[in-house]
Amino acid sequence: MSQKILLTSKEVNIILHRLACQLIEKHLDFSETILIGIQPRGTFLAERLKELLENEYKISNILLGYLDITFFRDDFRRNDKQLEANRTQIDFLVENKKVIFIDDVLYTGRSIRAALTAIQSFGRPASIELLTLIDRRFSRDLPIQPDYRGRQVDAINDEKVKVCWQEQDGEDAVYLIPTNKKQIV
């Protein structure tokens with residue numbers, strides 16, 4: 001299986017800084033803004049952005065939460081594989097706050113639709129924005145677009161975008177991987 005590198009570690013780092021600067025332009029001091037990492041893989045991106053905002057750009061008191069959307073997905077009962085839920089951790093008020101959903105890859109839009117439903121359990125945000133590292137723009141099932149995107153990727157449906165994070169995978173990189181689905185006759 002041949003994989004193509006879409007982003008190197010250096011490129012991921014540059015994109016993270018750009019995304020952090022775009023967030024600062026729009027939200028300034030983050031006093032009314034909260035970051036919500038979509039479980040499981042959006043949490044790595046959310047943590048990195050929070051760390052950059054605090055350490056490199058000296059913004060304090062950034063609220064970061066994690067949202068599990070497993071049982072809010074419209075396709076969770078369609079899979080033969082038993083699903084394992086992740087942990088939701090939102091220990092602050094969402095009511096009237098500006099929420100920024102953070103996920104690694106925007107593909108069909110179904111995860112974000114599920115997140116929109118799930119966040120309602122925690123109150124009614126003033127607004128919701130979407131930040132994603134990779135936007136697979138030609139694969140959308142729902143009319144959902146990111147407000148902040150790291151890189152737009154034109155992957156066809158039988159290709160997978162894999163985001164690797166140093167904390168979990170030992171490297172920061174993004175790969176395009178063919179899935180090689182074989183038809184059974």
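Everything here concerns the structure above.
Residues numbered from 1 in each chain as written. Predicted model: local features only at pLDDT ≥ 70, side-chain atom pairs only at ≥ 80, totals over all residues. Heavy atoms only, no water.

Q: So what's going on with the overall build of the protein? Which residues, and what values?
A: For the protein, the count of helices and strands is four helices and eight strands. When the helices and strands of the protein are listed from N to C terminus, the series reads β-α-β-α-β-β-α-β-β-β-α-β. A fraction of 68% describes how many contacts in the protein between residues 6 or more apart in sequence connect residues 24 or more apart. When the accessible surface of the protein is totalled, it reaches about 10,600 Å², and 46% of it is carbon and sulfur. (Helix = DSSP H or I, 4+ residues; strand = E, 2+ residues; numbered from the N terminus. Contact = heavy atoms within 4.5 Å. Areas by Shrake-Rupley, 256 points an atom, 1.4 Å probe, with all protein chains shown as cover.)

Q: Describe the nonpolar core, naming the residues involved and giving the relevant values.
A: Formed by 34 residues in total, the largest nonpolar core has its most connected members in Leu49, Leu131, Ile134 and Val174. Residues contacting Ile134, with those up to four places away along its chain left out, are Leu7, Asp104, Val105, Leu106, Arg151, Val153, Val161, Val163 and Val174. Ranked by size, the runner-up nonpolar core spans 18 residues in total, among them Ile36, Phe101, Ile112 and Ala118. (Core = buried A, V, L, I, M, F, W, Y, C linked by side-chain atoms within 4.5 Å. Buried < 20%, exposed > 50% of the residue type's maximum accessible area, 1.4 Å probe, protein only.)

Q: Before we move on, can you summarise the side chain of Asp172 with the specific residues and values?
A: Turning to its location among the elements, Asp172 is positioned in the loop between α4 (166–169) and β8 (173–178). Of the residues examined, Asp172 reaches a relative accessible area of 12% and is grouped as buried. There is a polar contact of 2.8 Å between the side chain of Asp172 and the side chain of Arg48. Aside from chain neighbours lying at most four places away, what touches Asp172 is Thr8, Ser9, Val12, Arg48, Cys164, Trp165 and Gln166. (Polar contact = N/O pair within 3.5 Å; in protein donor to acceptor, adjacent residues only side chain to side chain.)

Q: Give a detailed account of helix α1 (residues 9–27), specifying residues and quantitative values.
A: For α1, spanning 19 residues, the distance from its first C-alpha to its last is 27 Å, which sits close to the expected 27 Å at 1.5 Å a residue. Taken residue by residue, α1 has Val12, Ile15, Leu16, Leu19, Ala20, Leu23 and His27 as its buried positions. Take α1 and look down its axis: the buried residues cluster within an arc of 140 degrees, on one side only. Exposed positions of α1 whose direction lies more than 90 degrees from the buried face are Lys10, Ile14 and Glu25. Immediately downstream of α1, the backbone of Leu28 shows phi near 50 degrees, a positive value. (Expected span 1.5 Å × (residues − 1). Arc of directions from axis to C-beta.)

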